[in-house]
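Understanding the architecture of this molecule
Chain by chain, the residues:
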Amino acid sequence: MPAPAGAKRVKVIYGSIAKPLDPSNRPPGISPEHTHQWSVFVRGVNDEDISYWLKKVQFKLHETYTNASRMVESAPFEVTETGWGEFEVQMKLYFVPEANEKAQTLWHALKLHPYVGDVEGQKERRDPIVSQNFEEVIFSEPVEPFYDVLTSG
Ligand code: SLL
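Note that the coordinates shown come from a computational prediction; the quantities given were computed from them, not determined experimentally.

Rules of the game
Residues numbered from 1 in each chain as written. Predicted model: local features only at pLDDT ≥ 70, side-chain atom pairs only at ≥ 80, totals over all residues. Heavy atoms only, no water. Helix = DSSP H or I, 4+ residues; strand = E, 2+ residues; numbered from the N terminus. Polar contact = N/O pair within 3.5 Å; in protein donor to acceptor, adjacent residues only side chain to side chain. Contact = heavy atoms within 4.5 Å. Pairing = 2+ DSSP bridges. Axes fitted to C-alpha atoms, helices over the stretch in contact; angles between N-to-C directions. Phe/Tyr/Trp six-rings, centres within 6.5 Å; stacked < 30°, edge-to-face > 60°. Buried < 20%, exposed > 50% of the residue type's maximum accessible area, 1.4 Å probe, protein only. Lys NZ or Arg CZ within 6 Å of the ring centre and 35° of its normal. Salt bridge = Lys/Arg side-chain N within 4 Å of Asp/Glu carboxyl O.

Residue position: Arg-70 is located in strand 4 (residues 69–72). At 2.5 Å, the side chain of Arg-70 forms a polar contact with the backbone oxygen of Asn-67. Residues contacting Arg-70, with those up to four places away along its chain left out, are Val-57, Gln-58, Phe-59, Leu-61, Tyr-65, Val-79 and Glu-81.

To continue, consider the sheet that holds strand 7 (residues 104–109). As summarised here, the arrangement of the four strands in space is 4-3-6-7, forming an open sheet in which the pairing is antiparallel. Among the strands making up the open sheet, the edge pair consists of strand 4 and strand 7. Across this sheet, the average inter-strand angle for adjacent strands is 20 degrees, counted without regard to direction. Where strand 3 (residues 54–60) lies against strand 4, four bridges are found, and the strand directions are antiparallel. Its bridge partner lying in strand 4, Phe-59 is registered against Arg-70.

The next point concerns the packing of aromatic side chains. Counted under the stated rule, the structure contains six aromatic pairs. With a centroid separation of 4.9 Å and 80 degrees between ring planes, the pair formed by Phe-139 and Phe-146 is classed as edge-to-face. With respect to burial, Phe-139 and Phe-146 carry one shared label: buried. Grouped by ring-pair contacts, the aromatic residues Trp-53, Phe-95, Phe-139 and Phe-146 constitute a single cluster. Lying across the ring of Tyr-147, Lys-8 places its NZ or CZ 5.2 Å from the centre.

Moving on, we get to the pattern of salt bridges. Think of it this way: side chains of opposite charge can pair up when their charged atoms draw near. Taken as a whole and judged by the stated rule, the model has three salt bridges. A salt bridge links Arg-9 to Glu-136, with the shortest nitrogen-to-oxygen separation between them at 3.2 Å. With a gap of 127 residues between them, Arg-9 in strand 1 (residues 8–20) and Glu-136 in strand 8 (residues 129–139) connect regions that are remote in the sequence. A salt bridge links Glu-81 to Arg-70, with the nearest nitrogen and oxygen atoms 3.0 Å apart. Remark: Arg-70 occurs in strand 4 and Glu-81 occurs in strand 5 (residues 77–83); sequence separation between them is 11 residues. The buried category is assigned to Glu-81, whose relative accessible area is 18%. Connected through salt bridges with shared partners, the residues Arg-9, Lys-11 and Glu-136 form a single ionic network.

The following block contains the structure:
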């Protein structure tokens, strides 16, 4: 048996992208109160495929949403919705079975509104509002099969 493996880290980008709905072109069947369409996501840096170590992601939305807990079992790990308000999204990352690791949770503040700069101009143009963060997920003592998976990726 080789010596125990060292710590390994993987990189993710997580966050949200939101766009004001165009009043003259609203998706059918959505509540009249909804002002934005948004997506929350977890993805690899430069859109690298991360499914070799990430098995699924549970997105927990605000309780005003029907089925607020959304499990996404394959890439792209994202949820798209419409709504009117900002809230904290919980993203629980579940790892592949070889990992033998507990899920890890990231929190993201869904951002719908630009707070600085050319607010009115952005509304007018319906620019997408992107809010994303970079995170390193660290496995301090990965079991050997998972170490191999992480090394091969
Ligand atoms: C706020 N604390 O008051 C926040 C809550 C909740 C956002 C925001 C509901 C969508 C639906 C929706 O947009 N909730 O109707 O299902 O700003």
